[in-house]
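Summary of structural features
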Amino acid sequence: MVPDEPQLLSQLASRRSFIAKAGMLSLAIPGVGGALVACADKPGPEGGDDSQRGQSRAADNMHGQNADSRLDTALPRDARSSGTGAAAAVAFHRYSPELPPLPAGGRLRLNWRARETNIRISESTTVAAWTFEDELPGPIVHCRVGDTVEFTLTNDVDVPHSMDFHAAQIDPKIAFRSVTKGQSVTYTFRPRFAGAFMYHCGSAPVLMHIGAGMHGAIIVQPREGLPAAREYVLVQQEFYLKDEAGGVRSFDFQKMLVGLPDFVTFNGRPNQYVDAPLRAKVGERVRFWVVNAGPTHACNFHVVGEQFDTMYLGAPPGTPIRGVQTFAVAPGGGMCFELLCDVAGEFPIVNHGFGHGQKGGIGFLVVEP
Ligand SMILES: [Cu+2]
């Protein structure tokens, strides 16, 4: 049963603290040993000022900016911890869900690095991730149908890596090939369809590379545009982790094969949008671009107390369907959901497969009068 709105409001504080506690409880589940060692040689001491960082990100978000997503990585890189063996403290940072602006001139030059990066996903958990651009999920890419995307991946680490954009139509044997340490692969594509598309490392075993963090979203707008909206990007992923060693939990390939995740998250941190919700105002349209990176389970996307007035089965703005409550986004898939904020309140955004909502696949949309 979905609680009614007054109930929801009155229960919000206790619900948030319950969710936070439930998240903590799942940490007590012991990990099973895995066959693959995922860079467990990078101890990362705990530390960092979570609240300050969260606040400054939240302030960015209020202005609709997304400083984390790089439209053009010729811009200066930030100095985020990059797991090069230095025993640097890893601070928590909220992953900004705002859709970054479109590139000028219809051309995007992305020059990305494959790395191993310790990422704090909650107050108590730091993971030894395999990353694009030191982030999990990787940066949000935003372009239009027919834009030119020039992509280069350079591998900084010993494990071979690659890049598979689901928005590209290209010979995968050439473009999506693995590169070894110090090597680069470059290719160019022009997205043919609008939508929310996954990108990921496709090196073997793909399950391990996606599961350890090498995934993200490329959002392709139709050339004719869509109705004005506040636009958010949510990438769902599962975390299968070993027990903590040296302050860090590495990824567990055997647990990935079994398929019982420790966490299921939106944008790589359990419950991060419970603590720092998405925001909108009454009268606004909110568009969620939802990508399910998996690697294995569906994202049963639902907003409690709302209904999607429009959801696009295929490339927006074609194939709209109306009045949708929940829709499953397949692993490796992406979909576009819209709702009209005609009621103020705090609306839980959930994976309604609640075994997974309970493991961190939950947040809030706060609609202000
Ligand atoms: Cu990889």
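Just so it is clear, the model here is predicted, and its values are computed rather than measured.

**Observations concerning the nonpolar core**
Counting residues in each nonpolar core, the largest one holds 83 residues, and the members touching the most others are Ala217, Trp289 and Val290. With near-sequence residues (within four places) excluded, Val290 lies in contact with Ala196, Leu234, Cys299, Phe301, Val329, Gly334, Met335 and Phe337.

**Overview of the environment of Ala217**
Take Ala217: it is sitting in strand β8 (residues 215-221). We classify Ala217 as buried; it has 28 C-beta atoms within 10 Å. Ala217 sits 78 residues away from Pro139 along the chain, and the two C-alpha atoms are 7.5 Å apart. Residue contacts for Ala217: discarding those within four places in its chain leaves Pro137, Ile140, Ala196, Met198, Val233, Val235, Trp289, Val291 and Gly334.

**Here we look at the environment of Leu99**
You can see Leu99 is positioned in the loop between α2 (50-62) and β1 (107-122). Here the alpha-carbon distance between Leu99 and Ile219, two residues 120 residues apart in the chain, equals 8.3 Å. Discounting chain neighbours no more than four positions away, the residues touching Leu99 are Ile140, His142, Ile219, Glu231, Tyr232, Val233 and Trp289.

**As for the sheet that holds strand β6 (residues 184-189)**
Strand order in the open sheet formed by 4 strands is β2-β1-β4-β6, and the pairing between neighbours is mixed. Only two strands of the sheet have a single partner each, and these edge strands are β2 (125-132) and β6. For this sheet, the mean inter-axis angle between neighbouring strands, taken without regard to orientation, is 25 degrees. Two strands pair when backbone bridges link them, and strand β4 (residues 148-155) and β6 are joined in this way by 6 bridges, in the antiparallel orientation. Opposite Val149, over in β6, you have Phe189 as the bridge partner.

Rules and cut-offs
- Residues numbered from 1 in each chain as written.
- Predicted model: local features only at pLDDT ≥ 70, side-chain atom pairs only at ≥ 80, totals over all residues.
- Core = buried A, V, L, I, M, F, W, Y, C linked by C-beta atoms within 7 Å.
- Buried ≥ 20, exposed ≤ 12 C-beta atoms within 10 Å, placed from the backbone.
- Contact = placed C-beta atoms within 7 Å.
- Helix = DSSP H or I, 4+ residues; strand = E, 2+ residues; numbered from the N terminus.
- Pairing = 2+ DSSP bridges.
- Axes fitted to C-alpha atoms, helices over the stretch in contact; angles between N-to-C directions.

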